[in-house]
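Now for the letters of each chain:
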Amino acid sequence: NAGVTQTPKFRILKIGQSMTLQCTQDMNHNYMYWYRQDPGMGLKLIYYSVGAGITDKGEVPNGYNVSRSTTEDFPLRLELAAPSQTSVYFCASSPGANQPQHFGDGTRLSIL
Amino acid sequence: AQSVTQLGSHVSVSEGALVLLRCNYSSSVPPYLFWYVQYPNQGLQLLLKYTSAATLVKGINDFEAEFKKSETSFHLTKPSAHMSDAAEYFCAVSENNNDMRFGAGTRLTVKP
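Keep in mind the model is a prediction, meaning the values are calculated, not measured.

Novice: Whenever I open this one, the sheet that holds strand S8 (residues 73–78) of chain B confuses me. Can you help?
Specialist: Neighbouring strands of a sheet are bound in pairs by backbone hydrogen bonds; such pairs are parallel or else antiparallel. Residue and element names in this part refer to chain B. Ordered by their spatial adjacency, 5 strands build an open sheet running S1-S3-S8-S7-S6, and the pairing between neighbours is antiparallel. Every interior strand has two partners, whereas the edge strands, strand S1 (3–7) and strand S6 (56–58), have only one. For this sheet, the mean angle separating the axes of adjacent strands, direction not counted, is 20°. Pairing geometry for strand S3 (residues 19–26) and S8, over 4 bridges, is antiparallel. Counted as the bridge partner of leucine 21 is leucine 76 from S8.

If you want it as structure tokens, here you go:
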């Protein structure tokens, strides 16, 4: 009963490095989302996807890229890591718009 | 765009006391409203959702919330707090689109 799985759980990057945060779900959900969570700020939507091959920007997309080649996977890429991207990143999925979202356990990313 | 305001970043109650977490929303259309709970080092989990079927919504673990259109509120309550209820709670609103907006969160502390 995996649900939404995120890897890695923790990562430290140097400024300017790149990395990909992995997200996979086994619920056959069409919709997938990436959020970042900063203390006292709630969750901010970075990118979302309504199906394989379709992605769109959320509230805070700058500095990130995504792809959705399969229903199951929705990786998030940081090309040039900056200290402002230090955060906890959550991936989520849902069956459709306005439906409850299922969240992974998060990736804690520090950029030094 | 829709938005959510959670009044009180921290709420402390005694075990057995009433829990009241406040949420006010802004939406230009009838909203979909959600409450999520987050335990340390975990992702968000759905507590309950409002989708216009009934104004009083019952969720898991004896939590419930009442939708009041005239007050644009969706406050979360529980009659008797347990130690296990200590967590962070997020109110969220969706406006028939793909952009769910979360509040900044309320951290609930339960004192023995």
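Novice: What should I look at first to understand the packing of aromatic side chains in this one?
Specialist: Any pair of aromatic rings gets described here by the distance separating the centres and the angle formed by the planes. One pass over the structure, following the stated rule, counts 12 aromatic pairs over all chains. Centre to centre, the rings of A:Phe103 and B:Phe102 are 6.2 Å apart; their planes meet at 80°, and the pair counts as edge-to-face. Remark: B:Phe102 occurs in strand S10 (residues 101–102) and A:Phe103 occurs in strand S10 (residues 102–103); the pair is interchain, linking two chains. On the basis of relative accessibility, which here comes to 8%, the residue B:Phe102 falls in the buried class.

Novice: Teacher, can you tell me more about the interface of chain B and chain A here?
Specialist: For interface size, the figure often reported is the accessible area lost on association. Of the residues lining the interface, 22 residues belong to chain B; the matching set on chain A comes to 22 residues. Looking at the side of chain B facing chain A, the largest losses of area belong to B:Leu44, B:Asn98 and B:Phe102, adding up to 33% of the total buried there. For A:Glu59, the salt bridge goes to B:Arg101, with nearest N and O atoms at 3.6 Å. Across the chain B-chain A interface, the total number found is 4 residue pairs in polar contact (both at pLDDT 80 or more). Among the secondary structure elements, those contributing two or more residues to the side of chain B that touches chain A are strand S4 (32–38), strand S5 (44–50), strand S9 (87–94) and S10 of chain B. For the side of chain B that touches chain A, the per-class residue count stands at 9 nonpolar, 9 polar and 4 charged.

Novice: Would you explain the nonpolar core in this entry?
Specialist: Note that soluble globular proteins tend to have their nonpolar side chains buried in a common cluster. Grouped together as the largest cluster of nonpolar side chains are 26 residues, with contacts concentrated most on B:Trp35, B:Leu47, B:Leu48, B:Phe74, B:Leu76 and B:Tyr89. Taken together, the elements giving at least two residues each to this core come down to strand S2 (10–14), S3, S4, S5, strand S7 (64–68), S8, S9 and strand S11 (106–111) of chain B. For B:Leu47, the contacting residues outside a window of four places in its chain are B:Trp35, B:Tyr36, B:Val37, B:Gly59, B:Ile60, B:Phe63, B:Leu76 and B:Tyr89. With 19 residues, the next largest nonpolar core counts A:Val4, A:Met32, A:Tyr64 and A:Ala81 among its residues.

Novice: Would you take a moment to explain the pairing of S2(B) for this structure?
Specialist: A regular strand carries its side chains on alternate faces of the sheet. Residues and elements named next belong to chain B. Where burial is concerned, the two faces of S2 differ: the one with Val11 and Val13 is buried and the one with His10, Ser12 and Ser14 is not. One ladder, built from 5 bridges, connects S2 with S11; its direction is parallel. In the strand pairing of S11, valine 13 is matched with valine 110.

Novice: Can you walk me through unusual backbone geometry in this structure?
Specialist: Note on backbone geometry: most residues besides glycine have negative phi, and most peptide bonds are trans. Residue A:Thr7 is joined to A:Pro8 through a cis peptide bond whose omega torsion reads -5°. By the element assignment, A:Pro8 lies in the loop between strand S1 (4–7) and strand S2 (10–13). Despite not being glycine, B:Asp62 shows a phi value in the positive range, around 70°.

About the cut-offs
- Each chain carries its own residue numbering, running from 1 in the direction its sequence is written.
- A letter from A marks each chain and a number from 1 marks each ligand, given out in the order of writing.
- Local features are withheld for residues below a pLDDT of 70 in this predicted model, meaning they are given only at 70 or higher, and side-chain atom pairs are given and counted only at 80 or more; totals for whole chains, interfaces and linings count all residues.
- Note that the side-chain values use all heavy atoms of the structure and ignore hydrogens as well as water.
- Any two strands with at least two DSSP-identified bridges between them are counted as paired.
- A run of H or I in DSSP counts as a helix once it spans at least four residues, and a run of E counts as a strand once it spans at least two, with each numbered from the N terminus.
- In this analysis an axis means a line fitted to C-alpha atoms, helices contributing only their contacting stretch, and an angle means the value between N-to-C directions, from 0 to 180 degrees.
- Aromatic pairing here means that ring centres of Phe, Tyr or Trp (its six-membered ring) are within 6.5 Å. Orientation follows from the plane angle: under 30 degrees is stacked, over 60 is edge-to-face, and everything else is tilted.
- Each residue's exposure class comes from its accessible area (1.4 Å probe, protein chains only) as a fraction of the maximum for that residue type: buried when under 20%, exposed when over 50%, partly exposed otherwise.
- Contacts were defined at the residue level, with two residues in contact if any of their heavy atoms lie within 4.5 Å.
- Values labelled buried area give the accessible surface lost by two parts on being combined, using a 1.4 Å probe and summing over both.
- The salt bridge definition used is simple: a Lys or Arg side-chain nitrogen within 4 Å of an Asp or Glu carboxyl oxygen.
- Think of a polar contact as two N or O atoms within 3.5 Å of one another; within protein, one of them needs to be a possible hydrogen donor and the other a possible acceptor, and neighboring residues in sequence only count if both atoms come from side chains.
- Here the nonpolar group is Ala, Val, Leu, Ile, Met, Phe, Trp, Tyr, Cys and Pro; Asp, Glu, Lys and Arg are the charged ones; every other residue, Gly included, is treated as polar.
- Nonpolar cores were defined as sets of buried Ala, Val, Leu, Ile, Met, Phe, Trp, Tyr and Cys residues, with membership established by side-chain atoms within 4.5 Å.

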